[in-house]
Amino acid sequence: MDCLKAISVKEAALLKGSIEIQGSKNTVLPIMAATLLSSGISVIYNCPMIEDVQVMCQLLECLHVKTRLEDHVLTIDTRNASYEVLPDTLTKKLRSSVLLLGPILARWQKAEIGMPGGCAIGQRPIDIHLEGLMRMNVDVRVHKDILTCETFYLQGTEYHLHFPSVGATENLIMAAVGAKGRTILRGAAKEPEIIELCNYLLSMGALIEGVGTDVLIIKGTGELTSCDYCNVYDRIVAGTYLLMAAAVPSDIKLTGIEDIHYLKNVIQVASKLGVNVIKFEHYLSIQSLGKVLANDFKTGIYPEFPTDLQPVLITVLLKAGGNSSVTETVFENRFGIVKELAKLDAKIDIKGQTAFIKGNARLQGHTVKAADLRQGAALVIAGLICKGYTTVTDISYIERGYEDIVRDLQSVGVEATYV
Ligand code: EPZ
């Protein structure tokens, strides 16, 4: 799909059909990193076939790990893994490259890796990752975008994260597994991705208490045993389509959703927007009249409404019968969507961390540019509520996290194509 650089979407009058929800990106990436904590073969089922997974495979391959991704089954063989420097040309392609730091240190007591990249949605420092590692006896140096970390041995510690960073929590859990003694992480993130990682590590033989809470107690166990993992559905992809249904009359199913626990916060918001959601055994049935109810919303750390869905929420609120607002509390610079939506005639004002959205918008199709993953997906959704055709360029950002957004939209009757 590399040569396809834009998506064209036609205004939609009705959404009808079903979408199979892909496996979770943000769950599988840390689990891929965690395979380094063992020496053996791990099979990950329901793995999304997306760009970020490909890059993580390349990073593992730099460490002489064998990876094979075929038909949503990812096999990782760490038996011959050996220490290497990870170049910043590769680490810059992915924020989650930083998650290799904990496992590499646990395995080899040293790490030299390029600084991470990722979507431009704020400053995205890694101070919490590094501070936590330093507390575990790691000497950290940064020189010209290369991070050099060394330890005689990782020492269990007690550390309070000054913000519940998802990535830092994941990194420190994985380092703590390979540390001597007990680590207590306070103020830890509680996102579903952390719970999945902890459950995976437990099945590999790790000792972790407090899973799902903000205090995690990890007893260092050294090398773990390789284990298979069946990935959960992607709650952000599911949420994208749940919110989309608010803006267009809909009668759709989202399949592959066994458990709605991780999606409750999004279902609550979708209901406030006017979407009716019914849970069946293996799918969600979603109906709406396409009449969005205006309201004020706020993103937050789990279990609050996810920041990753904020651009889609703003987009959908343009169709509301009145004015709405969305306050962003997780990232300090995540309103990139607003500039592009203005090209479609949207009226949105930003004051501080709040976007004020003028409802009853009469949007006009135009060419807009994806600049990050979720903003890009939201622009595709915007195409459904714009008169005529909307073209979204630079779709490689979208392909980092959505397997095939065009296929998904076509399966509910949308006229969407790659151009
Ligand atoms: C994860 O990123 C997700 N990525 C993001 O999804 C998501 O937006 C984010 O969590 C918040 O839910 C993955 O799981 C791969 P954070 P992460 O560290 O771990 C600040 C997507 O679209 N912070 O919880 O990088 C940071 O600047 C992606 O799928 C520090 O100050 O997020 C931000 O304001 C985008 N110092 C806040 O914490 C640090 O050391 C949350 O970041 C680390 C973070």
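Our subject is the structure listed above.
Attention here is on the structure that accompanies the text. (Residues numbered from 1 in each chain as written. Predicted model: local features only at pLDDT ≥ 70, side-chain atom pairs only at ≥ 80, totals over all residues. Heavy atoms only, no water.)

## Observations regarding the site of the ligand
No. 1: Close to the ligand lie 22 residues, the nearest being Asp127, Ser165, Asp308, Val330 and Arg374.
No. 2: Between lysine 25 and the ligand, the recorded distance is 2.9 Å, taken from a side-chain N or O atom to an oxygen atom.
No. 3: Within the side chain of arginine 124, a nitrogen or oxygen atom sits 3.1 Å from an oxygen atom of the ligand.
No. 4: The fraction of the free accessible surface of the ligand (820 Å²) that becomes covered by protein chains is 90%.
No. 5: Per element, the largest residue contribution to the shell around the ligand is three residues, and it comes from helix H5 (residues 127–135). (Near = heavy atom within 4 Å. Polar contact = N/O pair within 3.5 Å; in protein donor to acceptor, adjacent residues only side chain to side chain. Areas by Shrake-Rupley, 256 points an atom, 1.4 Å probe, with all protein chains shown as cover. Helix = DSSP H or I, 4+ residues; strand = E, 2+ residues; numbered from the N terminus.)

## Let's talk about the packing of helix H4 (residues 101–108) against helix H6 (residues 166–177)
No. 1: It is at 7 Å that the axes of H4 and H6 come closest, and there the two elements cross at 10°. On the basis of their axis angle, the class for H4 and H6 is roughly parallel. Contact residues: Leu101, Gly102, Pro103 and Ala106 in H4; Asn171, Met174 and Ala175 in H6.
No. 2: Of the residues contributing to the contact of H4 with H6, the split by class is five nonpolar, two polar and no charged. (Axes fitted to C-alpha atoms, helices over the stretch in contact; angles between N-to-C directions. Parallel < 35°, antiparallel > 145°, perpendicular 65-115°, else oblique. Contact = heavy atoms within 4.5 Å. Nonpolar A, V, L, I, M, F, W, Y, C, P; charged D, E, K, R; others polar.)

## Some points on the pattern of salt bridges
No. 1: A complete count under the given rule lists 18 salt bridges for this structure.
No. 2: Of the charged contacts in the structure, one is a salt bridge between arginine 186 and glutamate 158, with a shortest N-O distance of 2.9 Å. Here the residue arginine 186 occupies a position in strand E10 (residues 182–186), and glutamate 158 occupies one in strand E9 (residues 158–160), the gap between them amounting to 28 residues.
No. 3: Taking the relative accessible area as the measure of exposure, arginine 186 reaches 31% and is therefore partly exposed.
No. 4: With relative accessibility at 40%, the residue glutamate 158 sits in the partly exposed group.
No. 5: Between lysine 298 and glutamate 304 there is a salt bridge, with the nearest N and O atoms lying 3.5 Å from each other. (Salt bridge = Lys/Arg side-chain N within 4 Å of Asp/Glu carboxyl O. Buried < 20%, exposed > 50% of the residue type's maximum accessible area, 1.4 Å probe, protein only.)

## Topic: the nonpolar core
No. 1: Formed by 79 residues in total, the largest nonpolar core has its most connected members in Tyr241, Leu243, Met244, Leu254, Leu273, Leu341 and Ile405.
No. 2: The element that contributes the greatest number of residues to this core is helix H8 (residues 235–247), accounting for ten residues.
No. 3: Apart from the residues within four sequence positions on either side, leucine 254 is in contact with Ile19, Ile21, Ala238, Tyr241, Leu242, His282, Tyr283, Leu284 and Ile286.
No. 4: Counting 72 residues, the second-largest nonpolar core is a separate cluster that includes Leu100, Leu105, Ile126 and Leu201. (Core = buried A, V, L, I, M, F, W, Y, C linked by side-chain atoms within 4.5 Å.)

## Some details on the state of the cysteines
Working definition of a disulfide: a covalent bond connecting the sulfur atoms of two cysteines.
No. 1: A complete count under the given rule lists zero disulfides for this structure.
No. 2: With no disulfide of its own, cysteine 149 lies 17 Å from the sulfur of cysteine 62, the closest cysteine sulfur.
No. 3: Take cysteine 149: its relative accessible area is 1%, and that puts it in the buried class.
No. 4: With no disulfide of its own, cysteine 198 has cysteine 227 as its nearest cysteine by sulfur position, at a separation of 14 Å.
No. 5: You can call cysteine 198 buried: its relative accessible area is 1%. (Disulfide = S-S within 2.5 Å.)

## Quick word on the pairing of strand E16 (residues 283–288)
No. 1: In this sheet, E16 lies alongside strand E14 (residues 250–255) in antiparallel orientation, the contact comprising six bridges. By the bridge assignment, aspartate 251 is partnered in E16 with glutamine 287.
No. 2: The pairing of strand E15 (residues 275–279) with E16 spans five bridges and is antiparallel. Bridging from a neighbouring strand, valine 275 pairs with serine 288 of E16. (Pairing = 2+ DSSP bridges.)

## Points about the environment of valine 85
No. 1: Positionally, valine 85 belongs in the loop between strand E5 (73–77) and helix H3 (88–91).
No. 2: A sequence separation of 332 residues divides valine 85 from threonine 417, and the C-alpha atoms of the two residues are 41 Å apart.

## Digging into the sheet that holds strand E11 (residues 207–209)
No. 1: The sheet built from four strands is open, its strands ordered E9-E10-E12-E11 with mixed pairing. Across the chains shown, the open sheet's two edge strands, defined by having one partner strand only, are E9 and E11. For this sheet the average axis-to-axis angle between neighbouring strands, irrespective of direction, equals 15°.
No. 2: As judged from the five bridges shared by E10 and strand E12 (residues 215–219), these two strands associate in the antiparallel manner. Residue pairing for E12: leucine 185 is matched across the bridge by leucine 216.

## Description of the environment of aspartate 88
No. 1: Take aspartate 88: it is sitting in helix H3.
No. 2: The partly exposed category is assigned to aspartate 88, whose relative accessible area is 24%.
No. 3: Between the alpha carbons of aspartate 88 and histidine 261 there is a distance of 37 Å; along the sequence they are 173 residues apart.
No. 4: Beyond its immediate chain neighbours, meaning those up to four positions away, aspartate 88 contacts Gly114, Met115, Asp145 and Ile146.

## Comments concerning the side chain of threonine 315
No. 1: Within the fold, threonine 315 resides in helix H10 (residues 310–317).
No. 2: For threonine 315, the residues in contact, after removing those within four places along its chain, are Ile337, Leu341, Ala378, Ile381, Ala382 and Ile385.

## Quick look at the sheet that holds strand E2 (residues 15–20)
No. 1: Strand order across the open sheet formed by four strands is E2-E14-E16-E15, with mixed pairing between neighbours. Looking at the sheet topology across the chains shown, the edges are occupied by E2 and E15. Between one strand and the next, the sheet's axes are offset by a mean angle of 15°, whatever the strand orientation.
No. 2: Set on the sheet, H8 makes contact with E2, E14, E15 and E16; between it and E14 the angle comes to about 170°.

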